[in-house]
Amino acid sequence: MNQHPVKSLSSLLLFSTLFFSLSIFAQEYTSGHTALDLWDAEAQANLPQWITIWLAFMGLVFVSGIIFVKNHVEARWLTGGFVAGILFSKLVLPEFDVVPLSGLSSLVHVVFWTPALVLLFKNRPFTKGLSVYNVWAGLATACILFSFVFDIKDAFIYVAHIL
């Protein structure tokens, strides 16, 4: 069995994006937050207020996972996936001139956050009493699930677009 699933998934994401997205380079896109809009500074500056608040809350929950990484595997996977997704989006994708569509960001979320979600559901720490970690695990699980309501749909739209 593959010992590095995140590495494999990120490689698959990168190569499929590179090889199947040649047609999207010739198109014009507008800034926005739907799957086939550019996810750029203009799009981020013009988000509806509820999305801005949601992103700030979710970022706070995910970053606060660093408090728990030493003792909890779920926190390691979520914090690691969060950081790896940001690094992949900010450092790797620009090197290959991949058009930063919102659907691509959604696909990155699905790829990098799914391992943590699987562990959170497998181990269910949020059902094991009331502790700071268990509350955090519940919030983190809820954040991923709510985000995936939008991300999975947008990721499918993006993948269908590049294929």
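See above for the structure.
Let us look at the structure shown here. (Residues numbered from 1 in each chain as written. Predicted model: local features only at pLDDT ≥ 70, side-chain atom pairs only at ≥ 80, totals over all residues. Heavy atoms only, no water.)

Some words on helix α6 (residues 132-162)
Line of reasoning, step 1. The end-to-end C-alpha distance of α6 is 42 Å, a good match for the 45 Å that 31 residues give at a rise of 1.5 Å each.
Line of reasoning, step 2. In the structure, α6 departs most strongly from a straight axis at Phe148, where the bend amounts to approximately 40 degrees. (Helix = DSSP H or I, 4+ residues; strand = E, 2+ residues; numbered from the N terminus. Expected span 1.5 Å × (residues − 1). Bend = angle between axes of the 7 residues up to and from the residue.)

Some details on the packing of aromatic side chains
Line of reasoning, step 1. Under the criterion given, the structure shown has eleven aromatic pairs.
Line of reasoning, step 2. Ring plane angle 75 degrees and centroid distance 5.3 Å describe the contact between Phe146 and Phe150, whose orientation is recorded as edge-to-face. Placement of both Phe146 and Phe150 in helix α6 is noted, with a separation of four residues, approximately one turn of the helix.
Line of reasoning, step 3. When its relative accessible area of 35% is taken as the criterion, Phe146 is described as partly exposed.
Line of reasoning, step 4. Taking relative accessible area as the criterion, Phe150 reaches 36% and is therefore assigned partly exposed.
Line of reasoning, step 5. Each member of the aromatic cluster is reached from another via a ring pair, and the members are Trp50, Trp54, Phe57, Phe146 and Phe150. (Phe/Tyr/Trp six-rings, centres within 6.5 Å; stacked < 30°, edge-to-face > 60°. Buried < 20%, exposed > 50% of the residue type's maximum accessible area, 1.4 Å probe, protein only.)

Things to note about the packing of helix α4 (residues 73-95) against α6
Line of reasoning, step 1. The contact between α4 and α6 brings their axes to 11 Å, and the two run at 40 degrees. Accordingly, the angle class assigned to the pair α4 and α6 is oblique. Relative to α6, the crossing made by α4 is left-handed. Packed against α4, whose contacting residues are Glu74, Ala75 and Leu78, the element α6 presents Tyr133, Trp136, Ala140 and Ile144 at the interface.
Line of reasoning, step 2. Its residues placed into classes, the contact of α4 with α6 shows six nonpolar, no polar and one charged. (Axes fitted to C-alpha atoms, helices over the stretch in contact; angles between N-to-C directions. Parallel < 35°, antiparallel > 145°, perpendicular 65-115°, else oblique. Left-handed = near helix turned anticlockwise from the far one by under 90°. Contact = heavy atoms within 4.5 Å. Nonpolar A, V, L, I, M, F, W, Y, C, P; charged D, E, K, R; others polar.)

Observations concerning the pattern of salt bridges
Line of reasoning, step 1. In this structure the tally under the stated criterion is one salt bridge.
Line of reasoning, step 2. Between Lys153 and Asp154 there is a salt bridge, and its shortest N-O distance comes to 3.1 Å.
Line of reasoning, step 3. In this structure Lys153 comes out as partly exposed when scored by relative accessible area, which is 48%.
Line of reasoning, step 4. Asp154 gets classed as buried once you look at its relative accessible area, which sits at 10%. (Salt bridge = Lys/Arg side-chain N within 4 Å of Asp/Glu carboxyl O.)

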